[in-house]
Amino acid sequence: MPTENLTHILFSKWQHTLQPFGVEQVAAEKDFNRLVAAYSTPGRHYHTLKHIDHVLSTIEILQGYTNNLAAVQLAAWFHDVVYDTEAQDNEERSADYAFELLSNLGIPESTITTVTRLILKTKDHQAAVDDYESQVLLDADLAILATNQVEYGEYAHAIRQEYGWVAEADYITGRQQVLERFLLRSHIYFTPLMLEFAEPSARGNIQGEIYSLLSG
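In this report, we go over the structure that sits alongside the text. Residue positions are given per chain, counted from 1 along the sequence in the order it is written. Selection of residues for local features in this predicted model requires a pLDDT of at least 70, selection of side-chain atom pairs for listing and counting requires 80 or more, and totals for whole chains, interfaces and linings are taken over all residues. Values reported for side chains reflect all heavy atoms of the structure, with hydrogen atoms and water molecules removed beforehand.

## What about the nonpolar core?
The condition that has to hold: By nonpolar core is meant a set of buried Ala, Val, Leu, Ile, Met, Phe, Trp, Tyr and Cys residues that side-chain atoms within 4.5 Å join together. Here's how the labels work: a residue is buried when its accessible area is under 20% of the maximum for its type, exposed when over 50%, partly exposed in between, all with a 1.4 Å probe on protein chains only. Helical segments are the DSSP runs of H or I of at least four residues, strand segments are the runs of E of at least two, and each set is numbered from the N terminus.
With 64 residues, the main nonpolar core has Trp14, Trp77, Phe78, Leu102 and Leu145 as its most contacted residues. Here this core takes seven residues from helix H4 (residues 69–78), the largest share from any one element.

## Considering a nonpolar patch on the surface
The condition that has to hold: Patch membership requires over 30% relative accessible area and the absence of a salt bridge. Like charges are linked within 9 Å, and nonpolar side chains (Val, Leu, Ile, Met, Phe, Trp, Tyr) within 5 Å. Using the Shrake-Rupley algorithm and a 1.4 Å probe, accessible areas are obtained, with residue cover drawn only from the displayed protein chains. Whenever Lys or Arg places a side-chain nitrogen within 4 Å of a carboxyl oxygen from Asp or Glu, that contact is recorded as a salt bridge.
A contiguous nonpolar patch, built from Ile61, Tyr65, Leu193 and Phe197 and spanning about 400 Å² of accessible area, is present on the exposed surface. Note on placement: Phe197 falls in helix H10 (residues 192–197).

## Let's talk about the packing of helix H1 (residues 4–18) against helix H3 (residues 49–62)
So the rule is basically this: Note on definitions: angles span 0 to 180 degrees between N-to-C directions of axes, and those axes are lines fitted to C-alpha atoms, for helices only across the stretch in contact. Any angle between 65 and 115 degrees counts as roughly perpendicular, while under 35 counts as roughly parallel, over 145 as roughly antiparallel, and the rest as oblique. Take the far helix as your reference; a near helix turned counterclockwise from it by less than a right angle gives a left-handed crossing, and one turned clockwise gives a right-handed crossing. Any two residues whose heavy atoms approach within 4.5 Å at even a single point are treated as in contact. Gly falls in the polar group here, along with every residue not listed as nonpolar (Ala, Val, Leu, Ile, Met, Phe, Trp, Tyr, Cys, Pro) or charged (Asp, Glu, Lys, Arg).
Between H1 and H3, whose axes approach to 11 Å, the crossing angle comes to 45 degrees. Taken as axis vectors, H1 and H3 run oblique relative to one another. The handedness of the crossing between H1 and H3 comes out as left-handed. Two secondary-structure elements touch here, H1 through Leu6, Ile9, Leu10 and Lys13 and H3 through Leu49, Lys50, Asp53, Leu56, Ser57 and Glu60. Tallied by class, residues from the contact of H1 with H3 come to five nonpolar, one polar and four charged.

What follows is the structure, encoded as structure tokens:
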């Protein structure tokens, strides 16, 4: 379970995001508790509330690039709410979860449509040049790739734990393919800030993980 302090911080962020929509306090708290439960299920080691907090904090840094901050923040809350390493439709199910919960909270249909579209973008992490909302969400979601070596090592270990059911040789092959796809892209990040300051670190970390995987 998340620490009480983290939960308190995130509840404050949740309330702040919902404030413009006039959501009732009781309903907001009930659904926040649902989110806490979802992100605290057994088997989650990286895709937890700590990840959501990191994504939301990065969005705050990048908010100048989006004209629809609330939708990006809501998408961040829900983008990994359904997470099963043995499934292929996590993003679709997360989008459905967001649609149902946000509809019940009375969030405008136009906002929900944007939120679900953004969640689906996290499946392939690609954004059009004029899709600033997706750019901010995706950069925040992948910000972990550019952290210091200690944090990156913890991230890589947590991902391995989430795929604990996969044999070592198969995991190395699959993980290497995922990482190399990022390196083959012309750029991992989209926003100017992340492209300038995070891109080199992310590529270095990814190359380091690949080397570690192959060297045993």
